[in-house]
Amino acid sequence: MQVKTVTNNQNSATNNQAPEITLDNQNQNLTQVLVEELQSEIGTKSRSIQAVAHRITLEVERICTKSDRIQNSGEIDTWKLNLARHRLHKCLSYYKLGSRQGRVELHSNLSTMVYRHVAPSQSQLNFSARYNLIEDFLQDFYAECLKAFRRENPVDSDYTPRTQLELAEYMGFSEQYAKRRITLRGRGSQQLIVLRAQSFSRRQPNETPVDIEQAVEYGRDEEAQEHNRSATAQQVRSNLIEKTIDPSDAVLRDRIISELIKYLESNGHNDCADYLVLKLQDLAAPEIDEIMGLTPRQRDYLQQRFKYHVEKFSRSAQWKLVHQWLGADLDQKLGMSSKQWDIFVAQLDSQQLALLPLKQAQKSDKEIAKALKCTQKQVQKRWTKVLELAWKTRNSEIGHGN
């Protein structure tokens, strides 16, 4: 591939234009394929499309040129197309989420990757304290990602994503950059973001020693009360009274809570969202009644509605997230034993039996609707029925322990 970069300091300073890229015919064809696929997916003639397609082509060419395995495969063009489409689909997945939800998704993915590494292994931080460290770490990491994007792509030194497609491209790049494997001498390889997180944790100050009895017992004099209000004392007390939670489980739990609150509020159930927030603070029923201005009867009715909407949430768009947290994903037989799974499958009708393997293959609702010749709404309704049946079978007495 021939890449020609034309720069003009004066023009760059005044017009802030990206460097011009010239590709050979083979890679121009690949770029055109990507342009057409982008246009068909997002339905726009945005100037960003051509530039994004160019940059994906350049990256793929660089990867294929450096890889001996690809060069010796005899299928370089196939590799280029597959790699380009993989990056294109990642970019489109962030584009379809939108700028706000895309940021949430990226942040969640990266948080999960570094959760165990941002603090020294011997530290006993609870989720809240570790979450604060993650926030500090990722702010620096996002800045590093932008620098790397500018360095590795034919853009200006002060380039910043401005369109929704450019932002999606940057988020996809950030995820890919975080997952890069770095070879370590005599120790195999490790993901780049994990190495950065480990370096970050080594820069953290030693934990402040706190007397355990002072942390647990609330003092009565002014000095003791001041001590018990300190963040470190509260953290230790929290660690002592909370049950141990697996770190990755805690990240997933936090994400589910966030999605559930968003779901309740978006559907006009703000009182259910408020009830959830108060329950998460471990408040007793009378305290919740007082805060929300409820009679016991009103609270009972609210609890029933809350339970209904939580069950609906767990079987709707967020079913996969909830089942992953419960250890009941599709690759785990939806949390059932082998005997329960056989009983469950035997109860499915022909439409549900056709749907199940497509869900197991992680096909989208759009792809499933096309394969089953029905609407996406029908796919979602059928899958909700499958999850309801799985829920009943999983919680039955039959087949436990097999």
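Below: a short report on this structure. All residue numbers here refer to positions counted from 1 along the written sequence of the relevant chain. Predicted model: local features are reported for residues with pLDDT of at least 70 only, side-chain atom pairs are reported and counted for 80 or more only, and whole-chain, interface and lining totals are derived from all residues. Heavy atoms throughout the structure, all of them, feed into the side-chain values; hydrogens and water do not.

1. Some words on the overall build of the protein chain
- Every helix listed is a DSSP run of H or I at least four residues long, and every strand listed is a run of E at least two residues long, numbered separately from the N terminus. The secondary structure content of the protein chain amounts to 20 helices and two strands.
- Per-residue accessibility, obtained with a 1.4 Å probe over protein chains only, is compared with the maximum for each type, and a residue is labelled buried under 20%, exposed over 50%, and partly exposed between these values. Taken across its 402 residues, the protein chain has 39% of its residues classed as buried.
- Carbon and sulfur atoms make up 47% of the accessible area of the protein chain, which totals about 24500 Å². Accessible surface area values rest on a Shrake-Rupley calculation with a 1.4 Å probe, where residue burial reflects the displayed protein chains alone.

2. Looking at the nonpolar core
- Here the nonpolar core consists of buried residues drawn from Ala, Val, Leu, Ile, Met, Phe, Trp, Tyr and Cys, with membership extended through side-chain atoms lying within 4.5 Å. Grouped together as the largest cluster of nonpolar side chains are 50 residues, with contacts concentrated most on L110, V114, V118, F137, L138, F141 and I193.
- When contributions to this core are tallied by element, the ones reaching two or more residues are α2 (25-42), α3 (47-66), α5 (76-114), α6 (127-152), α7 (164-178) and α8 (192-202).
- Taken domain by domain, this core gets at least three of its residues from each of domain 1 (21-96) and domain 2 (103-160 + 174-203). Residue ranges labeled as domains rest on an automatic or database domain assignment.

3. Considerations on the environment of S314
- Looking at where S314 falls in the secondary structure, it is placed in helix α15 (residues 296-314).
- The class of S314 is buried, set by a relative accessible area of 5%.
- Each C-alpha atom, one on S314 and one on E388, is 9.9 Å from the other, the two residues being 74 residues apart in sequence.

4. Brief notes about the pattern of salt bridges
- By convention in these notes, a salt bridge is any Lys or Arg side-chain nitrogen within 4 Å of a carboxyl oxygen on Asp or Glu. Tallied over the full model, the rule gives 13 salt bridges.
- Residues R305 and D271 are paired through a salt bridge, measuring 2.3 Å at the closest nitrogen-oxygen approach. Of this pair, R305 sits in helix α15 while D271 sits in helix α13 (residues 270-280), and the two are 34 residues apart along the sequence.
- The partly exposed category is assigned to D271, whose relative accessible area is 26%.

5. What to know about the packing of α5 against α8
- Packing of α5 against α8 brings their axes to within 9 Å, and their N-to-C directions diverge by 65°. Considering how the two elements wind past one another, α5 and α8 form a crossing that is right-handed. For the pair α5 and α8, the contacting residues are L110, M113 and V114 in the first and I193, V194 and A197 in the second.
- Note on residue categories: nonpolar means Ala, Val, Leu, Ile, Met, Phe, Trp, Tyr, Cys or Pro, charged means Asp, Glu, Lys or Arg, and polar means any other residue, Gly included. Of the residues that constitute the contact of α5 with α8, the class distribution is six nonpolar, no polar and no charged. Axes here refer to lines fitted to C-alpha atoms; in helices the fit is confined to the stretch in contact. Angles between the N-to-C directions go from 0 to 180 degrees. Left-handed describes a crossing whose near helix is turned anticlockwise from the far helix by less than a right angle; the clockwise case is right-handed. Residue contacts are counted whenever heavy atoms from the two residues lie within 4.5 Å of one another.

6. Some remarks on helix α20 (residues 376-394)
- Between the first and last C-alpha of α20 there are 26 Å, a value that for 19 residues agrees with the 27 Å anticipated at 1.5 Å per step.
- Among all positions in α20, only V379, R382, W383, V386, L387, L389, A390, T393 and R394 are buried. For α20, the angular spread of buried residues about the axis comes to 160°, placing them on one side. Facing away from the buried side of α20 by over 90 degrees, the exposed positions are K377, K381, K385 and K392. Take the number of residues in a helix, subtract one, and multiply by 1.5 Å to get its expected span. It is the directions from the helix axis to the C-beta atoms that the arc portrays.

7. Notes on the environment of E37
- As for its position among the elements, E37 is in helix α2.
- Residue classification places E37 among the buried positions, given a relative accessible area of 19%.
- Distance from E37 to I49, taken between C-alpha atoms, is 9.8 Å for residues twelve residues apart in sequence.
- When residues no more than four places from it in sequence are discounted, the contact partners of E37 are R85 and L88.
- A distance of 2.7 Å separates a polar atom in the side chain of E37 from a polar atom in the side chain of R85. Pairs of N or O atoms are called polar contacts if they sit within 3.5 Å, as long as, within protein, a hydrogen donor faces a hydrogen acceptor (for residues adjacent in sequence, only side-chain-to-side-chain pairs).

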